[in-house]
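Commentary on secondary and tertiary structure
Residue strings, one per chain:
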Amino acid sequence: MKANALKVTVKARQGTDLKKLSRFDGPLSNPCGLIGPNIANSVLSGNGKSEVLLNDLRLAMDTQSGVEAIMDNFALYDSKTGKSLLLFLIAKYVEEL
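Residues numbered from 1 in each chain as written. Predicted model: local features only at pLDDT ≥ 70, side-chain atom pairs only at ≥ 80, totals over all residues. Heavy atoms only, no water.

Turning to the nonpolar core, a few remarks are in order. One finds Val10, Leu28, Ile39, Leu57, Ile70, Phe74 and Leu76 to be the most contacted residues of the largest nonpolar core, which totals 18 residues. For this core, the secondary-structure elements that each account for two or more residues are strand E1 (7-12), helix H1 (18-21), helix H3 (35-45), helix H4 (54-60), helix H5 (64-73) and strand E3 (74-78). Per element, the largest residue contribution to this core is four residues, and it comes from H3. Setting aside anything within four residues of it in sequence, one finds Ile39 in contact with Val10, Val52, Asp56, Leu57 and Ala60. (Core = buried A, V, L, I, M, F, W, Y, C linked by side-chain atoms within 4.5 Å. Buried < 20%, exposed > 50% of the residue type's maximum accessible area, 1.4 Å probe, protein only. Helix = DSSP H or I, 4+ residues; strand = E, 2+ residues; numbered from the N terminus. Contact = heavy atoms within 4.5 Å.)

If you want it as structure tokens, here you go:
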């Protein structure tokens, strides 16, 4: 499977205002570019959960402020295992040591 076809499960954190975040002039547009509101809109359409292309997430998290904006508002999970994406990636890295 190509890297740009891989998907990540994105869930809104409790208290996240998805309607505000999905606006193209909203708080995600500056740190994440246009892909940030698209991710929020996808999660809003999915009732708080969505499958997002890993490449889109990479683009949204291209800067430190983008990483903070995404991590503050969303929880990221591996689509296949359902495990926290960060913990999943650390475990994979440790396996290769």
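When H3 is considered as a whole, its buried residues turn out to be Ile35, Gly36, Pro37, Ile39, Ala40 and Val43. One or two residues past the end of H3 sits Asn47, with phi positive at roughly 55 degrees.

A contiguous nonpolar surface patch, about 690 Å² in accessible area, is contributed by Leu86, Leu87, Ile90, Tyr93, Val94 and Leu97. In this structure, Ile90 sits in helix H6 (residues 85-96). Classification of Ile90 as partly exposed rests on a relative accessible area of 45%. (Patch = residues over 30% accessible without salt bridge, like charges linked within 9 Å, V, L, I, M, F, W, Y side chains within 5 Å. Areas by Shrake-Rupley, 256 points an atom, 1.4 Å probe, with all protein chains shown as cover. Salt bridge = Lys/Arg side-chain N within 4 Å of Asp/Glu carboxyl O.)

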